[in-house]
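Structural overview for review
Single-letter residue listing:
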Amino acid sequence: MPLRFEQPIVDKIEQSRAHIGITDAEIVRMLAAYRLFGFWRIDIETGHFFASEDVHTIFDLPYSDGPVNLAELMSRIHEEDRSLIAETFEQASLYRVGFHFVYRVDNRLGGSKLVRSVGRFRDDESGGGIVGITYEFVEKLRIVALEDNTPLR
Amino acid sequence: MSYMTTSERQSMLSAELATARTRGLFAQALNRISAAFGLSHATLMHAPSPEDLLLKPLLIESSLPAAYVREFDRTHMMRGCPFGLRLRESAVPPVWHLNDAVNGQAFPAELRALMLRHAIPAGVAMPTIAADGQRLVFWFCGERAALGQSEVNELAMIILHALDAYNAVKRNEESAHSALSARELEVVRWTAQGKTSIEIGQILALSDHTVNAYMTNAIKKLDCVNRTQLVAKAIRLKLIN
C-alpha cells in the first residue's frame, strides 16, 4: 500500500468513563449535534453507497434510501481532492481497511467547505462493507446554541 | 573507487526514467536519482496549498520513513515549513541545509529536530507542472552538504525526464479507458449511479447475467478485485463523470 494510505498509529488514551457516568448514546448524540452529521455504508460486492439524510444534504443531493449516485456525489468534491478520495476508496476496498479524510466540498455558494469522512471496514453477520460517518468539519466560530428543551433561567 | 562524470550520471538516470512505465519502476528510478546525488529519500507530491495542513495526503510516491510523515502531520509542521507555499508561487527550486546560516534558520526548532532525527538535514525541492495541469514537487533529502548550483542545474534537467516519465505512467493508467468496451463502460457508469444489475439489465435491455459478465470483465481489465474498487477506480481515471 502506498505510504500515504498506511494507517497511522493512533496513540489515543482509552478514556475513563465509569466515574463520569456518560453513555455511548449521549456521546454520539453530542458529536452529531448542531451540525450536519451523517452515516453511510458501502457494499463492497455491489459497489453501492447508502447514506443518511445529512450526507445527502452535505453533498446537496436529493435524499433517497436507495444507493447514492456516486458519480454525482464525487462531482461535488473539489477537483484537487477528488482523485485522492477515489483512490482512498480503492485502497480501502482492496486492503479492507478503515480511513479518514478531510476534503473540500462545493458549498453551492461559489466556494468550498471542509468535510471529514471516517470509514471502518466491517465484515460480520450484519453485512460486509465499509461503514462510516461524514460531517462538516469546520465549526462556525464563537457559536452558542441551547437545546430546545433546555430550561431557561 | 570509480567516478562517474556528470553527463554519464545524467544519461544513466534519464535512460532509466525513459523506460519507467509503471508506478513501481518510476518510484525505483526516483530513488536512484536520490542516491546518485548522495541523498537518501525521494518524494513526488502535490504542491501544498494554503488549505493543506497535512503532508500525507499530498504524497504521490515517497520513500520517506512513515514515522517522519506521521510526526510531521501529528504536530502540523506543514504550517512551519518555510518552503511549502512558495512551491506554488515560484518555479525556482529551493535548496536547503540546516547548517546554512540563512535558509537553515528558517526551519522551526521542532521541524529541525525531526529532520535531524531522521538524518535529512539537506534537501532540494523542484516545483513543476504535470501534463494535466497539477502542480507537483519533486523533493529529495538526506544527509550531505548542501547541493551546489551545478548539481541543482543537473538535477533540474533530470527532473524534466522524471516529469515525462510520470506523465507517461499516468497516460498508461488512463489508457485503461480504451481497455473497456462501450458496453462495459456503460455498465460501470450505471453501477456508479447506484443501479443494481437487474435495473441495468432493464435499462440496456440485457439479462442481469450479461450485465454481471460485463462487470466481471471490467473488474479484470482494470485490475480490480470488487465492484467498489472498480467504481472508485473508474471515477479516479475519469472513465465516468
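Residues numbered from 1 in each chain as written. Chains lettered and ligands numbered in written order. Predicted model: local features only at pLDDT ≥ 70, side-chain atom pairs only at ≥ 80, totals over all residues.

Chain B goes by DNA-binding CsgD family transcriptional regulator in an unreviewed UniProt entry, where it is assigned to Rhizobium fabae.

1. Remarks on the overall build of chain B
Counting its regular elements, chain B contains 11 helices and 5 strands. Among the 241 residues that make up chain B, the fraction classed as buried is 37%. By sequence separation, contacts in chain B at least 24 residues apart represent 61% of the contacts at least 6 residues apart. (Helix = DSSP H or I, 4+ residues; strand = E, 2+ residues; numbered from the N terminus. Buried ≥ 20, exposed ≤ 12 C-beta atoms within 10 Å, placed from the backbone. Contact = placed C-beta atoms within 7 Å.)

2. Structural notes on the interface of chain A and chain B
Listed by partner, the interface residues are 27 residues for chain A and 25 residues for chain B. Every element with two or more residues in the side of chain A that touches chain B is listed here: α3 (70-75) and α4 (79-95) of chain A. Each residue belonging to the side of chain A that touches chain B can be placed in one class, and the counts come to 14 nonpolar, 8 polar and 5 charged. (Nonpolar A, V, L, I, M, F, W, Y, C, P; charged D, E, K, R; others polar.)

3. Here we look at the nonpolar core
One finds B:Leu30, B:Ile33, B:Met45, B:Val137, B:Phe138, B:Phe140 and B:Ala162 to be the most contacted residues of the largest nonpolar core, which totals 47 residues. If we ignore the near neighbours within four places in the chain, the residues touching B:Met45 are B:Leu58, B:Leu59, B:Ile60, B:Ser62, B:Leu136, B:Val137 and B:Trp139. A:Trp40, A:Ile44, A:Tyr103 and A:Ile130 belong to the second-largest nonpolar core, a separate cluster that totals 39 residues. (Core = buried A, V, L, I, M, F, W, Y, C linked by C-beta atoms within 7 Å.)

4. Some details on the sheet that holds strand β4 (residues 122-129) of chain B
All names here are of chain B. If you walk across this open sheet you meet the 5 strands as β2-β1-β5-β4-β3, and the pairing is antiparallel. Each having just a single partner strand, β2 (59-62) and β3 (95-97) make up the two edges of the open sheet. Across the sheet, the mean angle from the axis of one strand to that of its neighbour is 15°, orientation sign disregarded. When β4 meets strand β5 (residues 135-142), the two strands line up antiparallel, connected through 8 bridges. Within β5, the position partnered with Gly123 by the bridge is Cys141. Here helix α2 (residues 23-36) sits on the sheet and contacts β1 (41-46), β2 and β5; the angle it forms with β1, its principal contact strand, is near 125°. (Pairing = 2+ DSSP bridges. Axes fitted to C-alpha atoms, helices over the stretch in contact; angles between N-to-C directions.)

5. With respect to the packing of helix α1 (residues 6-19) of chain B against α2(B)
Residue and element names in this part refer to chain B. Running from N to C, α1 and α2 point in directions that differ by 170°, and their axes come no closer than 9 Å. Classified by the angle between their axes, α1 and α2 sit roughly antiparallel to one another. Residues Arg9, Leu13, Glu16 and Leu17 of α1 lie in contact with α2, whose contacting residues are Ala29, Arg32, Ile33 and Ala36. Considering only residue class, the contact of α1 with α2 consists of 5 nonpolar, no polar and 3 charged. (Parallel < 35°, antiparallel > 145°, perpendicular 65-115°, else oblique.)

6. Some points on helix α8 (residues 182-192) of chain B
Along an α-helix, residues three or four apart share an orientation, since each turn contains 3.6 residues. When α8(B) is considered as a whole, its buried residues turn out to be B:Glu184, B:Val187, B:Val188, B:Trp190, B:Thr191 and B:Ala192. Residues of α8(B) that are buried sit in contact with α3 of chain A together with α9 (197-204), α10 (208-221) and α11 (227-236) of chain B.

7. Details of the environment of B:Ala156
Residue and element names in this part refer to chain B. For Ala156, the position within the fold is in helix α6 (residues 149-174). Residue classification places Ala156 among the partly exposed residues on the basis of 16 C-beta atoms within 10 Å. Sequence separation of Ala156 and Val92 is 64 residues, and the distance between their C-alpha atoms is 9.8 Å. Residue contacts for Ala156: discarding those within four places in its chain leaves Pro93 and Met126.

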